Structures are given as structure tokens and as C-alpha cells.
Amino acid sequence: MPTITTNDGTRIFYKDWGSGRPVVFSHGWPLNADAWDEQMRLVAENGYRAIAHDRRGHGRSDQPWRGNDMATYANDLAQLIEQLDLRDVVLVGHSTGGGEVVRYLGRHGTARVARAVLLGAVPPVMLQGPGNPEGTPLEVFDGIRAGVDGNRSQFYWDLSESFYGFNRPGADLSGAEGLRRAFWLWGMQVGARGAYECVRQFSETDFTEDLKRIDVPVLIAHGDDDQIVPIAAAALKTARLIPDNVLKVYPGAPHGLYGEFRAAFEADLLDFLKA
């Protein structure tokens, strides 16, 4: 399997398809690079080089005891880009991966990056607080931690329903079970410590200053029925902090890509890459 080795000795798995301008995908929690397979194939077939890695602790990457924090995730992404000597990169991050992308841009700048895409991304900050009343209460994230710490197999299966909006009246359930089984499989590949520690990283990290440093065009894409990362505390605020952005709101769309939402996002992604 193709891997890079980071400065602390952690092996990070990645897949590398096609050729052309590099498009680097960062996945959400508790998934891995496979969650981007359809979009990777799409961009590779349209003349781009598609690259996606498994975040440390996830999928086929190592499961170190230490380093399960947003700064290290961003540093791992930087080392992937540098070791592959990628330039003129388009970064694409979903959910926690969107936080990883934003923290990378805040810490490492845009010398190697041309543009970025944030899909259902967690910035600026998910946790509810005095300055963020639209955020999600701490007890919700405590419940996620309890699920990961308890019967994580059942927890991931249950989470997949709201992740893709299958719990909504009138939802298209034609492919629901297969997608939920894939979500469960990806989740079960995450190391127990990495999964648990990542909850704090995606929920409590404040990306406000990172967002202000971004000086490349950004596509901000978000479903307005996202039950995992509600749009009011995320995309709508992020759009006010990035100077050069395009905000795409998908009516009735959930957190995970599925059905009409997936088709609409993929069309917008290709348009943004070609711009």
C-alpha cells in the first residue's frame, strides 16, 4: 500500500489516481479515504490527479497513541503534500476533513494551494458557547464519546441514519442499507483512541483565525438540513470570514453525499475546478 511516513514515524496511507492538477481530499469522521472514491474517480476521469489519505488513526493508516489532534492532522496533510511534491493543489475537505484543510491553510499557508472546497465542514467552531449560540451543546458530543466508548458498532450503525438524512420523512431509501453498511465498515476501521479523541478536535477546535488567513478562492458547500454539522454555526459563519468565497446551499440536503445532493455537489465541484 502507498504510504508516507510523518516526522513522528506514523505511516499515512493514501491513494493516488489519474494525472494532472492535484486535487487532495480529506475525509470526515469516522470515515476514511474510501468515502471519496466516487468523487476521486470523477475528477481523475476529467483530467485531474486525485489523492486521498486516511487520517492517522483511521482506515489503513497507523493508529498512534499520540498526535490525535487537529494541528497534527494538518501537519500530516502538509507532509503528504510536500513528500509528493504537489503544487497548485485544490484541497477538498468534508466535515472534520474541512477542519483539517482550514487548519492546514492557517498553519502552512497557500504557497502550494490554488483553491479549496469545504463541504459540510466543521469550522468556525461547532461547540455551543456564549459567542456561538447557534452551536451544538456539549452534551451532544459527550453522547458521541459515550457511543464510541460503549457499543461503537451499534453507535456507528445508528449514526449513519441521520448522517445521510435517511431518518427524514420522504427520504430516498433506495440505497440506504448499502450506504449505511459502508459507513459502519469505515467507522469500525478507526482505532478506539483515535476515534474518541477526534470528537473533541472536530467539536471544540476554533478555526476562526485560520479562516481569516485564507487568501485563495474557496467553495463553501453545505446542505441546509445537515443534522451533524448544522449550517447556521458552520457554512453561514465561515462565508463571512473568508474574503474570496462562493457559498452553495443545497436545500433539504443532509451531511453525507447521497442522491441528488451528491450529483449537485459533483457538478459544482467540477465547475469550481475548471474556473
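Residues numbered from 1 in each chain as written. Predicted model: local features only at pLDDT ≥ 70, side-chain atom pairs only at ≥ 80, totals over all residues. Heavy atoms only, no water.

With that settled, consider the packing of aromatic side chains. Enumeration over the complete set of coordinates arrives at 11 aromatic pairs. Seen from their ring centres, F163 and F183 are 4.8 Å apart, and the 55° between their planes marks the pair as tilted. Remark: F183 occurs in helix α6 (residues 176–188) and F163 occurs in helix α5 (residues 152–163); sequence separation between them is 20 residues. Taking the centre distance of 5.1 Å and the plane angle of 55° together, the rings of Y250 and F261 count as tilted. Residue Y250 is located in strand β8 (residues 245–250), and its partner F261 is located in helix α10 (residues 259–274); the two are separated by 11 residues in the primary sequence. (Phe/Tyr/Trp six-rings, centres within 6.5 Å; stacked < 30°, edge-to-face > 60°. Helix = DSSP H or I, 4+ residues; strand = E, 2+ residues; numbered from the N terminus.)

Counting residues in hydrophobic clusters, the biggest one holds 59 residues, and the most contacted among them are W29, L91, Y104 and F202. Among the elements that take part in this core, helix α2 (residues 70–83) stands out by supplying seven residues, more than any other. Apart from the residues within four sequence positions on either side, W29 is in contact with H58, T96, I144, V148, F155, Y156, L159, F163, A195, C198, V199 and F202. Membership of the second largest hydrophobic core comes to 25 residues, among which are V23, Y48, A50 and A253. (Core = buried A, V, L, I, M, F, W, Y, C linked by side-chain atoms within 4.5 Å. Buried < 20%, exposed > 50% of the residue type's maximum accessible area, 1.4 Å probe, protein only. Contact = heavy atoms within 4.5 Å.)

Take α5 next. The α-helix advances 3.6 residues per turn, and as a result positions three or four apart in sequence lie on the same side. For α5, which comprises 12 residues, the first-to-last C-alpha distance of 16 Å matches the rise-based estimate of 16 Å (1.5 Å per residue) to within 8%. All buried positions along α5 are accounted for by F155, Y156, L159, S160, S162 and F163. What you see down the axis of α5 is that its buried residues fit within an arc of 165°, all on one side. In this structure, the buried side of α5 is in contact with β5 (89–94), α4 (138–149), α6 and α7 (192–204). (Expected span 1.5 Å × (residues − 1). Arc of directions from axis to C-beta.)

Turning our eyes to something else, we now look at the environment of S162. With respect to the secondary-structure elements, S162 resides in helix α5. Spatially, the C-alpha atom of S162 lies 8.6 Å from that of D226, the residues being 64 residues apart in sequence. Residue contacts for S162: discarding those within four places in its chain leaves N167, Q227 and I228.

Our next topic: the side chain of D76. Checked against the element boundaries, D76 lands in helix α2. If we skip the residues at most four places from it in the chain, D76 touches I4, T6, I12 and R56.

With 13 residues, α7 should reach 18 Å at 1.5 Å per residue; the first-to-last C-alpha distance of 19 Å fits that figure. When α7 is considered as a whole, its buried residues turn out to be G194, A195, C198, V199, Q201, F202 and S203. Looking at the buried side of α7, the elements it contacts are α2, α3 (96–108), α4 and α5.

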